[in-house]
Amino acid sequence: MTNRMPQYFGVAATTEPDQITSLCAHLELLELPEGIKLMNGPLVSRKTLQGLDPSNPSQYPPLNRIEALLSDDPGVFNVIHFNSRDPRLAIQLVQIARLSDLVQGIQLNIIWPNISELQQFKWVFPNVYLILQLSRHCLESVGGSWEEAADCLAPYRELIDCVLFDPSGGENRDFAT
(Lines give C-alpha, C1' and ligand atoms only; values in the text may rest on other atoms or scores of the structure.)
Protein backbone atom coordinates (compact mmCIF):
# COMPACT_ATOMS: atom_id res chain seq x y z
CA MET A 1 0.00 0.00 0.00
CA THR A 2 1.50 3.30 -1.03
CA ASN A 3 -1.00 5.60 0.63
CA ARG A 4 -0.91 6.09 4.36
CA MET A 5 -4.02 4.83 6.07
CA PRO A 6 -6.09 7.63 7.59
CA GLN A 7 -6.46 8.07 11.31
CA TYR A 8 -10.05 7.47 12.25
CA PHE A 9 -12.67 6.95 14.88
CA GLY A 10 -15.71 4.99 13.99
CA VAL A 11 -19.22 3.79 14.06
CA ALA A 12 -19.83 0.14 13.22
CA ALA A 13 -23.06 -1.60 12.26
CA THR A 14 -24.61 1.23 10.27
CA THR A 15 -27.78 -0.14 8.69
CA GLU A 16 -29.72 2.81 7.27
CA PRO A 17 -28.69 5.55 4.82
CA ASP A 18 -30.19 8.23 7.09
CA GLN A 19 -27.69 7.21 9.81
CA ILE A 20 -24.84 8.00 7.42
CA THR A 21 -26.42 11.28 6.36
CA SER A 22 -26.83 12.29 10.00
CA LEU A 23 -23.25 11.36 10.87
CA CYS A 24 -21.90 13.35 7.90
CA ALA A 25 -24.01 16.36 8.89
CA HIS A 26 -22.33 16.34 12.29
CA LEU A 27 -18.76 16.08 10.99
CA GLU A 28 -18.35 19.86 10.74
CA LEU A 29 -19.59 20.30 14.30
CA LEU A 30 -16.88 17.96 15.58
CA GLU A 31 -14.08 20.18 14.27
CA LEU A 32 -11.76 17.21 13.87
CA PRO A 33 -8.06 17.80 13.36
CA GLU A 34 -7.06 17.63 9.71
CA GLY A 35 -6.68 14.08 8.43
CA ILE A 36 -8.87 12.37 11.03
CA LYS A 37 -11.88 10.70 9.48
CA LEU A 38 -15.13 9.17 10.62
CA MET A 39 -15.10 5.43 9.95
CA ASN A 40 -18.43 4.17 8.68
CA GLY A 41 -18.59 0.41 9.17
CA PRO A 42 -21.49 -1.61 7.78
CA LEU A 43 -21.35 -5.27 8.79
CA VAL A 44 -21.11 -8.12 6.28
CA SER A 45 -20.90 -11.81 7.12
CA ARG A 46 -20.39 -14.96 5.12
CA LYS A 47 -24.15 -15.45 5.26
CA THR A 48 -25.06 -12.01 3.94
CA LEU A 49 -22.38 -12.31 1.26
CA GLN A 50 -24.14 -15.47 0.06
CA GLY A 51 -27.58 -13.83 0.20
CA LEU A 52 -28.62 -15.85 3.26
CA ASP A 53 -30.41 -14.48 6.30
CA PRO A 54 -27.93 -13.38 8.98
CA SER A 55 -28.20 -14.56 12.57
CA ASN A 56 -28.61 -10.91 13.62
CA PRO A 57 -30.63 -9.17 10.87
CA SER A 58 -30.90 -5.91 12.82
CA GLN A 59 -27.13 -5.39 12.44
CA TYR A 60 -26.45 -7.03 9.06
CA PRO A 61 -28.13 -5.30 6.12
CA PRO A 62 -28.84 -7.26 2.94
CA LEU A 63 -25.92 -7.14 0.54
CA ASN A 64 -27.87 -5.14 -2.04
CA ARG A 65 -28.17 -2.28 0.49
CA ILE A 66 -24.46 -1.96 1.33
CA GLU A 67 -23.64 0.57 -1.40
CA ALA A 68 -26.38 2.89 -0.08
CA LEU A 69 -24.66 2.74 3.33
CA LEU A 70 -21.35 4.06 1.99
CA SER A 71 -20.56 7.76 1.81
CA ASP A 72 -18.67 9.79 -0.75
CA ASP A 73 -18.03 12.50 1.88
CA PRO A 74 -14.24 13.13 1.99
CA GLY A 75 -14.38 13.10 5.80
CA VAL A 76 -15.66 9.52 5.86
CA PHE A 77 -13.59 6.33 5.75
CA ASN A 78 -15.84 3.47 4.53
CA VAL A 79 -14.75 0.17 6.10
CA ILE A 80 -16.78 -3.02 5.71
CA HIS A 81 -16.58 -5.09 8.91
CA PHE A 82 -16.45 -8.70 7.78
CA ASN A 83 -16.67 -12.00 9.64
CA SER A 84 -16.57 -15.47 8.16
CA ARG A 85 -15.40 -18.97 8.95
CA ASP A 86 -15.28 -19.90 5.28
CA PRO A 87 -11.64 -20.69 4.37
CA ARG A 88 -12.07 -19.17 0.87
CA LEU A 89 -11.32 -15.70 2.23
CA ALA A 90 -9.74 -14.17 -0.89
CA ILE A 91 -12.86 -14.80 -2.98
CA GLN A 92 -15.04 -13.27 -0.27
CA LEU A 93 -12.84 -10.19 0.13
CA VAL A 94 -12.81 -9.60 -3.63
CA GLN A 95 -16.60 -9.84 -3.62
CA ILE A 96 -16.76 -7.22 -0.85
CA ALA A 97 -14.31 -4.88 -2.57
CA ARG A 98 -16.39 -5.09 -5.75
CA LEU A 99 -19.58 -4.03 -3.96
CA SER A 100 -18.75 -0.38 -4.55
CA ASP A 101 -15.92 1.96 -5.52
CA LEU A 102 -16.60 3.58 -2.13
CA VAL A 103 -15.23 0.56 -0.20
CA GLN A 104 -11.95 1.92 1.18
CA GLY A 105 -11.16 -0.77 3.71
CA ILE A 106 -12.22 -4.11 5.12
CA GLN A 107 -11.96 -4.91 8.81
CA LEU A 108 -11.31 -8.62 9.29
CA ASN A 109 -13.22 -9.82 12.33
CA ILE A 110 -11.62 -13.21 11.79
CA ILE A 111 -9.27 -15.16 14.05
CA TRP A 112 -5.83 -15.27 12.40
CA PRO A 113 -6.91 -15.21 8.74
CA ASN A 114 -4.97 -17.31 6.25
CA ILE A 115 -1.90 -15.40 4.99
CA SER A 116 -2.09 -16.89 1.49
CA GLU A 117 -5.72 -15.79 1.13
CA LEU A 118 -4.81 -12.23 2.15
CA GLN A 119 -1.92 -12.23 -0.34
CA GLN A 120 -4.28 -13.27 -3.12
CA PHE A 121 -6.69 -10.48 -2.23
CA LYS A 122 -3.97 -7.82 -1.99
CA TRP A 123 -2.66 -8.84 -5.39
CA VAL A 124 -6.07 -7.95 -6.89
CA PHE A 125 -6.93 -5.00 -4.60
CA PRO A 126 -3.68 -3.47 -3.31
CA ASN A 127 -5.38 -0.16 -2.45
CA VAL A 128 -8.11 -1.53 -0.19
CA TYR A 129 -6.93 -1.19 3.40
CA LEU A 130 -7.06 -4.32 5.56
CA ILE A 131 -7.64 -3.92 9.28
CA LEU A 132 -7.20 -6.97 11.49
CA GLN A 133 -9.38 -7.06 14.58
CA LEU A 134 -7.40 -8.61 17.42
CA SER A 135 -10.35 -9.95 19.41
CA ARG A 136 -10.46 -11.77 22.72
CA HIS A 137 -10.79 -14.99 20.67
CA CYS A 138 -7.45 -14.23 18.95
CA LEU A 139 -5.94 -13.55 22.34
CA GLU A 140 -7.40 -16.74 23.83
CA SER A 141 -5.97 -18.74 20.90
CA VAL A 142 -2.46 -17.78 22.07
CA GLY A 143 -3.07 -18.45 25.75
CA GLY A 144 -4.19 -14.94 26.64
CA SER A 145 -0.75 -13.44 26.12
CA TRP A 146 -0.49 -10.05 24.42
CA GLU A 147 3.19 -10.82 23.75
CA GLU A 148 2.28 -14.06 21.94
CA ALA A 149 -0.42 -12.22 19.99
CA ALA A 150 2.13 -9.61 18.93
CA ASP A 151 4.44 -12.39 17.74
CA CYS A 152 1.59 -13.91 15.72
CA LEU A 153 1.10 -10.57 13.95
CA ALA A 154 4.59 -10.62 12.40
CA PRO A 155 3.62 -12.65 9.28
CA TYR A 156 0.83 -10.15 8.56
CA ARG A 157 3.17 -7.14 8.51
CA GLU A 158 3.15 -6.69 4.71
CA LEU A 159 -0.56 -7.47 4.29
CA ILE A 160 -2.40 -5.73 7.10
CA ASP A 161 -2.51 -1.95 7.23
CA CYS A 162 -3.75 -1.66 10.79
CA VAL A 163 -4.49 -3.80 13.83
CA LEU A 164 -7.50 -3.00 15.98
CA PHE A 165 -7.07 -4.23 19.54
CA ASP A 166 -10.68 -5.09 20.38
CA PRO A 167 -10.96 -7.70 23.13
CA SER A 168 -14.51 -6.55 23.91
CA GLY A 169 -15.71 -7.41 20.39
CA GLY A 170 -18.44 -4.78 20.64
CA GLU A 171 -19.88 -6.44 23.75
CA ASN A 172 -19.10 -3.65 26.22
CA ARG A 173 -16.46 -5.68 28.06
CA ASP A 174 -13.56 -4.21 29.98
CA PHE A 175 -10.21 -3.99 28.22
CA ALA A 176 -7.96 -5.90 30.58
CA THR A 177 -4.23 -6.21 29.93
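You'll find the structure just up there.
Residues numbered from 1 in each chain as written. Predicted model: local features only at pLDDT ≥ 70, side-chain atom pairs only at ≥ 80, totals over all residues. Heavy atoms only, no water.

1. A word on the environment of Ala 25
Here is step 1: On the secondary structure map, Ala 25 appears in helix H1 (residues 17–30).
Here is step 2: On the basis of relative accessibility, which here comes to 53%, the residue Ala 25 falls in the exposed class.
Here is step 3: Separated by 48 residues in the primary sequence, Ala 25 and Asp 73 place their C-alpha atoms 10.0 Å from one another. (Helix = DSSP H or I, 4+ residues; strand = E, 2+ residues; numbered from the N terminus. Buried < 20%, exposed > 50% of the residue type's maximum accessible area, 1.4 Å probe, protein only.)

2. Details of the pattern of salt bridges
Here is step 1: For the structure shown, the criterion picks out three salt bridges.
Here is step 2: A salt bridge links Arg 65 to Glu 16; the shortest N-O distance between them is 3.2 Å. On the criterion of sequence distance, the pair formed by Arg 65 in the loop between helix H2 (46–49) and strand S4 (76–83) and Glu 16 in the loop between strand S1 (7–12) and H1 is long-range, its members being 49 residues apart.
Here is step 3: Exposure remark for Arg 65: the relative accessible area of 29% places this residue in the partly exposed category. (Salt bridge = Lys/Arg side-chain N within 4 Å of Asp/Glu carboxyl O.)

3. Examining the side chain of Glu 117
Here is step 1: Mapped onto the elements, Glu 117 comes out in helix H4 (residues 115–124).
Here is step 2: There is no salt bridge for the buried Glu 117, and the closest opposite charge comes from Arg 88, which lies 7.8 Å off by N-O distance.
Here is step 3: Each residue touching Glu 117, except ones within four places of it in the same chain, is listed here: Pro 87, Arg 88, Leu 89, Ala 90 and Ile 91. (Lys, Arg positive; Asp, Glu negative; His and termini not counted. Contact = heavy atoms within 4.5 Å.)

4. What about the packing of helix H3 (residues 89–97) against H4?
Axes are the key here: two packed helices are described by the angle between their axes and the distance separating the axes.
Here is step 1: Following both chains from N to C, one finds H3 and H4 inclined at 30°, their axes separated by 8 Å at the closest point. Viewed along their axes, H3 and H4 form a crossing whose handedness is right-handed. Along its contact with H3, which presents Leu 89, Ala 90, Ile 91, Leu 93, Val 94 and Ala 97, the element H4 presents Glu 117, Leu 118, Gln 120, Phe 121 and Val 124.
Here is step 2: Classifying every residue of the contact of H3 with H4 by side-chain character gives nine nonpolar, one polar and one charged. (Axes fitted to C-alpha atoms, helices over the stretch in contact; angles between N-to-C directions. Left-handed = near helix turned anticlockwise from the far one by under 90°. Nonpolar A, V, L, I, M, F, W, Y, C, P; charged D, E, K, R; others polar.)

5. Examining H1
Here is step 1: For H1, which comprises 14 residues, the first-to-last C-alpha distance of 20 Å matches the rise-based estimate of 20 Å (1.5 Å per residue) to within 8%.
Here is step 2: Within H1, burial applies to Ile 20, Cys 24 and Leu 27. Mapping the buried residues of H1 onto a view down its axis gives an arc of 40°, with all of them on the same face. The exposed set on the far side of H1, more than 90 degrees from its buried face, consists of Asp 18, Ala 25 and Leu 29. (Expected span 1.5 Å × (residues − 1). Arc of directions from axis to C-beta.)

6. Focus: H3
Here is step 1: Most of H3 is tucked away: seven of the nine residues are buried.
Here is step 2: Burial in H3 covers these residues: Leu 89, Ala 90, Gln 92, Leu 93, Val 94, Ile 96 and Ala 97.
Here is step 3: Along its buried surface, H3 packs onto strand S3 (43–45), H2, S4, strand S5 (105–108) and H4.

7. Remarks on the nonpolar core
Here is step 1: Residues Phe 82, Leu 93, Ile 106, Leu 108, Trp 112, Leu 118 and Phe 121 are the most contacted members of the largest nonpolar core, which totals 33 residues.
Here is step 2: Looking at this core, the elements that each hand over two or more residues are S4, H3, S5, H4, strand S6 (129–135), helix H5 (136–141) and helix H6 (146–153).
Here is step 3: With five residues, H3 is the largest single contributor of residues to this core.
Here is step 4: By size, the runner-up hydrophobic cluster in this structure holds six residues, among which are Met 5, Phe 77, Val 79 and Tyr 129. (Core = buried A, V, L, I, M, F, W, Y, C linked by side-chain atoms within 4.5 Å.)

8. Quick look at the side chain of Asn 40
Here is step 1: Structurally, Asn 40 is set in strand S2 (residues 36–41).
Here is step 2: A residue is classified by how much of its surface remains accessible, and Asn 40, at 1% relative accessible area, is buried.
Here is step 3: A polar contact is formed between the side chain of Asn 40 and the side chain of Asn 78, at a distance of 3.1 Å.
Here is step 4: Residue contacts for Asn 40: discarding those within four places in its chain leaves Val 11, Thr 14, Ile 20, Leu 69, Leu 70, Ser 71, Val 76, Phe 77, Asn 78 and Val 79. (Polar contact = N/O pair within 3.5 Å; in protein donor to acceptor, adjacent residues only side chain to side chain.)

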